[in-house]
Amino acid sequence: MLGLLGIKLGQTRVYDDKGILRPVTVVLAGPNRVLQCKTQESDGYNAVQLGFDDQKEQRVTKPLLGHIKKHNGVAVKKIQEFRDFTLAVKPGDVIGATVFAKGDFVDAIGVTKGRGFEGVMKRHNFRGGDASHGSKGWRRRPGAIGQRLFPGTVMRGMRMPGHMGQVKRTVQSLEVIQVREAENLLLIFGAIPGAKGDYVVIRESKKHPKVAATSK
Amino acid sequence: MNQALLDKIESEQYRKQAVDFSVGDSVKVHTKVVEGDKERIQVFSGVVIGRRGRGLNSTFTVRRISYGEGVERIFPVNSPRVEKVEVERKGSVRRAKLTYLRKRLGKGATLVKEKETRQVKKGAAAPKAAPKAAPKAAAAPVATPAA
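If you're wondering where the values come from, they're calculated on a predicted model, not measured in any experiment. (Residues numbered from 1 in each chain as written. Chains lettered and ligands numbered in written order. Predicted model: local features only at pLDDT ≥ 70, side-chain atom pairs only at ≥ 80, totals over all residues. Heavy atoms only, no water.)

### Quick notes on the sheet that holds strand β12 (residues 199–204) of chain A
We apply this condition: Note: two strands are recorded as paired if DSSP finds a minimum of 2 bridges between them. Here a helix means four or more residues in a row that DSSP labels H or I, a strand means two or more in a row labelled E, and each is numbered from the N terminus. The axes used here are C-alpha line fits, helices contributing only the stretch in contact, and every angle between their N-to-C directions lies in the interval 0 to 180 degrees. We call two residues contacting when some pair of their heavy atoms lies within 4.5 Å.
Taken in spatial order, the six strands close into a barrel running β1-β2-β11-β10-β7-β12 (chain A), and their pairing is antiparallel. Between one strand axis and the next, the sheet turns through 50° on average, direction left out of account. Where strand β2 (residues 21–28) of chain A and strand β11 (residues 185–189) of chain A come together, five bridges link them in antiparallel fashion. Residue pairing in the sheet places Leu28 of chain A in a bridge with Leu185 of chain A of β11 of chain A. Helix α1 (residues 2–11) of chain B contacts β1 (3–15), β2, β10 (168–180) and β11 of chain A of the sheet and is inclined by roughly 45° relative to β1 of chain A.

Here it is in C-alpha cells:
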C-alpha cells in the first residue's frame, strides 16, 4: 500500500495526450519525510510513518520532537502512518509525488468542507414541498417522519436536519493524470474532499492497486 | 503561491502561437480526427459567430450552412486538436455575437457585412449558391457606403 500526505491546492483542467480536456485536482504531495519504519518483529505489524509540511522546531511539542529526532527526521506539522508500505524506504528518506506515475489509480482521503446545521433538502437531497399551487410555509420541510400508534416511534436512522460536512471521506479510484516532479505535484482526475489548503491523504487505490508496485 | 502554481499549469497548455481571428471572420478550422489508429486533418469552414470564456476555458463558435442546414461547432481555442485556424476573409461586424445569422436564409446566412447582406437578399432564394462569390463583394468595406 503506497501513500502520501499532501495539500489540496485547487482545481483546474488539463489536456491529456489525446487532446481531451480533463478536470483535475492539483495536490502538493511532497516532500514527505519518512520518520519511523515499523516492522513485524519490533512492532507487531509493518508500517511506515510519513511526515509532511515542514515546521519550525519550536512549534512542535517536545515529545513529538523527540520522536522525530529519534528517527533523524525534520519537524513536521502532519504525521500519518501507512500499513504495509510497498516502497522500500528507511527513516530520513524523502519521497514525493514520483511515488505515483501517470495512469495509476489512487484513493483520496480528506475532510469535507463543513456546512454547519443544514436542512433535509441540502443534507439528504429531499425534494421539499411545492413551490406553488397554494403552498405556504411548507417549502423546505421533511414531511412525515413516522406512521401511527403502531409503531408509535420514529424509525432509527430517519434522515433529519443536522450538522453536515467536516467528516472524513474517501473518494476511490481516481486516475493520476500528471505527475510533476519539479514541483512535487500530483494532478488527479476529478474532485477531492476538502477545501483548498486542506491536508489530504493520497493512497494507492484499493480497487485498482499498482500492478508492479515495488521498485522505485 | 498556490494560485501561481495553478496558473502555471494552465499557462503551459496555451497554444504556442496564438490564433488571430475575430468575430465575423470566415475561417477554416483544421482539426485532428482520430479514426481507428489513423489520424487525419478535418477542415470545418464557416463564419465565427462568437467567442466566449477566457484563458484556458475560451471557446469560439463557427457556423456554416451544410447541405442547406445550419451547423455550428464550438472549438476550444487552446485545444491541441485544433491544428490551426486559417482566416479566409476578415469580416466587419458591429456585434460580439452573430446570433442573428441563425435566422437568415441563403447567402445572407454566410455573409457578415451587415450592409452587404441587404443587397444579396434579392438572391436569397438560391440557398446553396456558392458563398465564395459573395465574400468578394463584401471584402471592400470602404467602397460600399459610397455605393
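So, next bit.
### A look at the interface of chain B and chain A
Interface extent is often summarised as the accessible area lost during association of the parts. To be explicit about the condition: Defined in terms of a 1.4 Å probe, buried area is the accessible area two parts forfeit on being brought together, summed over both. Note on definitions: salt bridges are taken to be side-chain nitrogens of Lys or Arg within 4 Å of carboxyl oxygens of Asp or Glu. Polar contacts, as counted here, are pairs of nitrogen or oxygen atoms within 3.5 Å of one another; within protein the pair requires one atom able to donate a hydrogen and one able to accept it, and residues that are adjacent in sequence qualify only if both atoms are side-chain atoms. Three categories are distinguished: nonpolar for Ala, Val, Leu, Ile, Met, Phe, Trp, Tyr, Cys and Pro, charged for Asp, Glu, Lys and Arg, and polar for the others, with Gly belonging to the last.
Counting from both sides, the interface comprises 16 residues of chain B and, opposite them, 16 residues of chain A. Together, the buried faces of chain B and chain A total about 1,400 Å²; carbon and sulfur atoms form 56% of this surface. Across the chain B-chain A interface, the total number found is two salt bridges. The partner of Arg180 of chain A in a salt bridge is Glu12 of chain B, with the nearest N and O atoms 2.6 Å apart. The tally of links from chain B across to chain A stands at eight residue pairs in polar contact (both at pLDDT 80 or more). Sort the elements by how many residues they give to the side of chain B that touches chain A and α1 of chain B lands first, with seven residues. In terms of residue class, the side of chain B that touches chain A is made up of six nonpolar, six polar and four charged.

### A word on the packing of aromatic side chains
All names here are of chain A. Note the threshold: What counts as a ring pair is set by centres within 6.5 Å for rings of Phe, Tyr and Trp (its six-membered ring), and what kind of pair is set by the plane angle: stacked under 30 degrees, edge-to-face over 60, tilted for all other angles. Classification of residues uses two cut-offs on accessible area relative to the type maximum, computed with a 1.4 Å probe and protein chains only: under 20% is buried, over 50% is exposed, and between them is partly exposed.
A full pass over the atoms with the stated rule returns five aromatic pairs over all chains. Summarising the aromatic geometry, the rings of Phe52 and Tyr199 are spaced 6.3 Å apart at their centres and angled 80° between planes, so their arrangement reads as edge-to-face. A residue pair is termed long-range when its members are at least 10 positions apart, and Phe52 in strand β4 (residues 47–54) and Tyr199 in strand β12 qualify at 147 residues. Of the residues examined, Tyr199 reaches a relative accessible area of 26% and is grouped as partly exposed. Seen in terms of ring centroids, Phe82 and Phe85 are 6.2 Å apart; in terms of plane orientation they differ by 50°. Their pairing is tilted. Across this residue pair, the class does not change: Phe82 and Phe85 are buried.

### Things to note about the sheet that holds strand β3 (residues 32–38) of chain A
All names here are of chain A. With antiparallel pairing, the four strands of this open sheet are ordered in space as β5-β4-β3-β6. Two strands lie at the open edges of the sheet, namely β5 (76–83) and β6 (94–95), each paired on one side alone. Here β3 pairs with β4 via five bridges, running antiparallel. When the bridges of β4 are listed, Val34 appears paired with Leu50.

### Examining the pattern of salt bridges
Per the stated rule, a full pass over the model turns up 19 salt bridges over all chains. Glu183 of chain A serves as the salt-bridge partner of Arg180 of chain A, at 3.0 Å between the closest nitrogen and oxygen. For the pair Arg180 of chain A and Glu183 of chain A, a shared accessibility class is recorded, and that class is buried. Between Glu72 of chain B and Arg63 of chain B there is a salt bridge, with the nearest N and O atoms lying 3.0 Å from each other. Note on Glu72 of chain B: relative accessible area 30%, which makes it partly exposed.

By themselves these figures say nothing about function.
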